[in-house]
Amino acid sequence: MTTRLTIAALVAAASVLGAAPVFAQDEMAHAPATTAYVKKSIQPWLADPVVITAVIESNKAHARLMQSDIDELDAKWKAKDQALRDSTMKNKLAEFLTKKKEASGGVITEIFVMDDRGLNVGQTDGTSDMWQADEAKWQKTYGAGPDAIFIDKVEEDGGKKISQASVTIVDNGKAIGAVTFGIDVDKLK
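What counts as what
Residues numbered from 1 in each chain as written. Predicted model: local features only at pLDDT ≥ 70, side-chain atom pairs only at ≥ 80, totals over all residues. Heavy atoms only, no water. Core = buried A, V, L, I, M, F, W, Y, C linked by side-chain atoms within 4.5 Å. Buried < 20%, exposed > 50% of the residue type's maximum accessible area, 1.4 Å probe, protein only. Contact = heavy atoms within 4.5 Å. Helix = DSSP H or I, 4+ residues; strand = E, 2+ residues; numbered from the N terminus. Expected span 1.5 Å × (residues − 1). Arc of directions from axis to C-beta. Phe/Tyr/Trp six-rings, centres within 6.5 Å; stacked < 30°, edge-to-face > 60°. Pairing = 2+ DSSP bridges.

A separate point is the nonpolar core. Membership of the largest hydrophobic core comes to 28 residues, with the highest contact counts inside it found for Ile42 and Phe181. Not counting residues up to four positions away in its chain, the partners in contact with Phe181 are Ile42, Trp45, Leu46, Ile108, Glu110, Ile111, Ser163, Gln164, Ala165 and Val167. Listed in part, the twelve residues of the second largest apolar core include Phe112, Met114, Trp131 and Ala133.

So, in structure tokens, the structure goes:
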């Protein structure tokens, strides 16, 4: 467990500093190819007005929420409140993300965008919760500032080897949110 945390910390630090990260032979061997894919094929479209506008609007809408309000939204999400889920899966941003996922040729298995509070803004597939700010995917991107990329370890999902890659969303040099991608690492080879 300590080794995993240390490797994840090194990867996050290297990504933030722009340095070449050091990876464990087996657990993080996918990280260089995943990082290269993110930089070449994903980061260029994160500045699209559809993404930026949706995140800014969500930040404004959620600016005054107390933690109890966020917890209530998360509980409604987990209880499968369809209207709440539809608000992030059937919007302009979700349509944009779905097109990007489809255009990836199977490399991207899911995409979800989070605002500055860690709440889902738009997504291609369902997530288990609406609030992501308590997880590394948000903390090591939005919480780390502009230019942060966080690559997580590979996990089996439906017979595929999936790593989550998360990136800070930036507007005018300022972190405004984050995005997480499921990446089928076997498709990167």
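Next comes the rest of the description.
Secondary-structure assignment places Gln67 in helix 4 (residues 67-78). On the basis of relative accessible area, Gln67 is assigned to the partly exposed category, the value being 37%. Taking the C-alpha atoms as reference points, Gln67 and Arg117, separated by 50 residues in sequence, lie 9.6 Å from one another.

Next up on the list: helix 3 (residues 49-62). For helix 3, with 14 residues, the first-to-last C-alpha span of 20 Å sits near the 20 Å given by 1.5 Å per residue. Buried residues of helix 3: Val51, Ile52, Ala54, Val55, Ser58, Asn59 and His62, and no others. The arc that holds the buried residues of helix 3, viewed along the axis, is 165°, so those residues lie on one side. Exposed residues pointing more than 90 degrees away from the buried face of helix 3 are listed as Pro49, Glu57, Lys60 and Ala61. Tucked inside the fold, the buried residues of helix 3 contact helix 6 (92-103), strand 1 (108-114), strand 2 (120-123), strand 4 (160-171) and strand 5 (174-184).

Once that is clear, we can look at the packing of aromatic side chains. A full pass over the atoms with the stated rule returns three aromatic pairs. Here Trp45 and Phe96 contribute two aromatic rings whose centre-to-centre distance is 5.6 Å and whose plane-to-plane angle is 70°, an arrangement assigned as edge-to-face. Placement of the pair is Trp45 in the loop between helix 2 (31-42) and helix 3 and Phe96 in helix 6, with a sequence separation of 51 residues. For Phe96, a relative accessible area of 14% gives the class buried. Taking 5.8 Å as the distance between ring centres and 85° as the angle between the ring planes, the aromatic pair formed by Trp45 and Phe181 counts as edge-to-face. In this pair, Trp45 sits in the loop between helix 2 and helix 3 while Phe181 sits in strand 5, placing the two residues 136 residues apart along the sequence. In this pair, the class of Trp45 matches that of Phe181, namely buried. Within the aromatic cluster, the residues linked to one another by ring pairs are Trp45, Phe96 and Phe181.

Further remarks concern the pairing of strand 3 (residues 149-157). Of the strand pairs in this sheet, strand 3 and strand 4 are connected by seven bridges, and their pairing is antiparallel. Bridge pairing links Asp157 to Lys160 in strand 4. The turn joining strand 3 and strand 4, which pair antiparallel and follow one another in sequence, is formed by two residues; a positive phi near 60° is taken by Gly158.

This next bit is on unusual backbone geometry. Even without glycine at this site, Lys80 takes up a positive phi of about 65°. Within the secondary structure, Lys80 sits in the loop between helix 4 and helix 5 (82-89). Classification of Lys80 as exposed rests on a relative accessible area of 59%.

All right, on to the pairing of strand 2 then. Where strand 1 meets strand 2, three bridges bridge the pair, whose relative direction is antiparallel. Across the sheet, the residue bridging to Val113 is Gly122, located in strand 2. Between strand 1 and strand 2, which pair antiparallel and follow one another directly, the connecting turn spans five residues, one of which, Gly118, has a positive phi of 90°.

Take it as geometry only, folks, not as evidence of what the structure does.
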